[in-house]
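# Structural description and commentary
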Amino acid sequence: MPGEHAKLSASSAHRWLHCTAAPTLEEQFPDTTSEYAAEGTQAHEWAEIAACELLDMAADFAPSIEGAPQEMREAAEAYADLVCGRYVKATQRCPDPLIALEKRVDFSRWVPDGFGTADCIIIADGTMDVIDFKYGANVKVEAEENPQMMLYALGAYAEYGDIYRIDTVRMTVHQPRMSDEPSTWKVAMVELLAWADDVVVPKAREAYDGPGTFNPSEDACQFCRARFECRTKNAQLVALFDEDDVAPALLSREELADILQRAAGMEKWLKGVKDHVQSLLLSGEPVPGWKMVAGRSDRVIKDPVVAAEKLIAAGCTESMVWRPRQLETLTNLTKLVKPLKITLEDALGDTIEKPPGKPTLVPESDKRPPYQPDEQLIAAFDN
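Procedures and definitions
Residues numbered from 1 in each chain as written. Predicted model: local features only at pLDDT ≥ 70, side-chain atom pairs only at ≥ 80, totals over all residues. Heavy atoms only, no water. Patch = residues over 30% accessible without salt bridge, like charges linked within 9 Å, V, L, I, M, F, W, Y side chains within 5 Å. Areas by Shrake-Rupley, 256 points an atom, 1.4 Å probe, with all protein chains shown as cover. Salt bridge = Lys/Arg side-chain N within 4 Å of Asp/Glu carboxyl O. Helix = DSSP H or I, 4+ residues; strand = E, 2+ residues; numbered from the N terminus. Buried < 20%, exposed > 50% of the residue type's maximum accessible area, 1.4 Å probe, protein only. Polar contact = N/O pair within 3.5 Å; in protein donor to acceptor, adjacent residues only side chain to side chain. Disulfide = S-S within 2.5 Å. 1 Å grid on protein atoms, 1.4 Å probe; cavity = no way out; pocket = protein on both sides within 12 Å on 5 of 7 lines; lining within 4 Å. Points joined across faces, edges and corners; volume = space filled by probe spheres on them. Nonpolar A, V, L, I, M, F, W, Y, C, P; charged D, E, K, R; others polar.

Before going further, it helps to examine a nonpolar patch on the surface. Together, Leu251, Leu256 and Ile259 line one region of the surface with nonpolar side chains, adding up to about 240 Å² of accessible area. Position of Ile259 among the secondary structure elements: in helix α9 (residues 253-282). Look at Ile259 and you get partly exposed, because its relative accessible area is 35%.

Moving on to unusual backbone geometry. Residue Gly210 is joined to Pro211 through a cis peptide bond whose omega torsion reads -5°. For Pro211, the location among the structural elements is in the loop between α6 (189-209) and α7 (218-221). Phi at Asp56 is positive, roughly 60°, even though this residue is not glycine. Note that Asp56 resides in the loop between α3 (35-55) and α4 (70-93). For Asp113, which is not glycine, the phi dihedral falls at a positive 55°. Positionally, Asp113 belongs in the loop between β1 (98-106) and β2 (115-124).

Quick look at the side chain of Gln175 now. With respect to the helices and strands, the residue Gln175 is situated in the loop between β4 (166-174) and β5 (183-188). According to the relative accessible area criterion, Gln175 is buried, its value standing at 3%. In terms of polar contacts, Gln175 uses its side chain to reach the backbone carbonyl oxygen of Gly136, at 3.0 Å.

With that out of the way, let us pick up the pattern of salt bridges. Following the criterion strictly, the structure yields 14 salt bridges and no others. Between Lys103 and Glu159 there is a salt bridge whose closest N-O contact spans 3.1 Å. Remark: Glu159 occurs in helix α5 (residues 147-160) and Lys103 occurs in strand β1; sequence separation between them is 56 residues. Taking the shortest distance from any N to any O, the salt bridge between Asp209 and Arg205 comes out at 3.0 Å. With Asp209 and Arg205 both in helix α6 and 4 residues apart, the pair spans about one turn of that helix. Under the relative-accessibility criterion, Arg205 is labelled partly exposed at 42%.

Right, let's get into the state of the cysteines. Applying the stated criterion across every chain yields a total of 0 disulfides. You can see Cys120 has no disulfide; the closest cysteine sulfur is in Cys52, sitting 10 Å from it. Looking at Cys221, it has no disulfide partner, and the nearest cysteine sulfur is the one in Cys19, 6.3 Å off. The exposure class assigned to Cys221 is buried, which follows from its relative accessible area of 14%.

In total, this model carries 2 cavities of 30 Å³ or more according to the counting rule given. Taken as a whole, the largest cavity encloses approximately 100 Å³ of empty space. If you go around the largest cavity, you meet 13 residues; those closest to its centre are Cys19, Ala22, Cys221, Cys224 and Cys230. Taken together, the residues of the lining of the largest cavity sort by class into 10 nonpolar, no polar and 3 charged. Volume-wise, the second largest cavity comes out at about 40 Å³. In terms of lining residues, the second largest cavity is bounded by His44, Ala47, Glu48, Tyr79, Leu101, Glu102, Asp119 and Phe133. Counting only elements with at least two residues in the lining of the second largest cavity, the list comes to α3 and β1. Here the element with the most residues in the lining of the second largest cavity is α3; it accounts for 3 residues. When the residues that make up the lining of the second largest cavity are grouped by side-chain class, the tally is 4 nonpolar, 1 polar and 3 charged.

Here it is, written out as structure tokens:
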């Protein structure tokens, strides 16, 4: 049913499986949406329609999605190619494989009132494919041990397990704005069922009945509606800087590194709290000691042509008030050549360069190579 939401949804499973107190706490906050959620919904509609066209299937709705950007259309088409390719291979292994797009699955056998909508389910010859389309470009989603997709697989097994033999589940996350290659993970059905019984059932019951157990973490709290008012999360962050032991006058290198690591999470949380308080004030809800004011703004010219005419009439020359023609930005030029099936580097060759960036402090786990001051200095002299 439109607008229907499960208390323990598959999409929030990474949260309630880790922090069973979150669902009860979140019920005190409105289920708001965002421009990113709306963008994701539109991208999923395009993806379903593109897949239906390739598979010669009828979509369940009439599209009302005109005006999608080219990047979204291309992402939808890439998802459709992946789905169609998997289905074609399934037909080669099995004469009557099952395929379902935007399939509502019910996993209430393990999760009270649990249901969700899987983007694509394909079952053939002992293997079930669960394919998930992600349009987000900020958070990379991996298929390995992905609880959302594992619950989708359980729901599909509950419906089709008596009809099809399912030995293996292959989960695939297609996130073209983050990676050209889909993320894929396989798990035996018996292992998935054991996880459902041993992990999901007790955690789901605790989360559903409440009040649950608080267990804040960066991943679990990231999209929790209560994260900026959660007392346990606040206490966890403050405790990071509580030091009762007598220590030397100077901090060690290890302690400096530890402080930076702790501060990263604190800075992110403080920014979120500030944004949350601003939204409360803008909605008319008072927050003691704080208010919203008009910030600094820059002057703008409403009509450049009229402004130029007035300046010329005042004594300026045309060359003084108008800039010479300028090349488009690199971002716009990249989009410009994309339909030509070439990269900007292919088109411009050695007329484009990427100078070394300024030294930036990042965690050691960052995949970029370490900054080498001597090498950068030599390169500067060579240039």
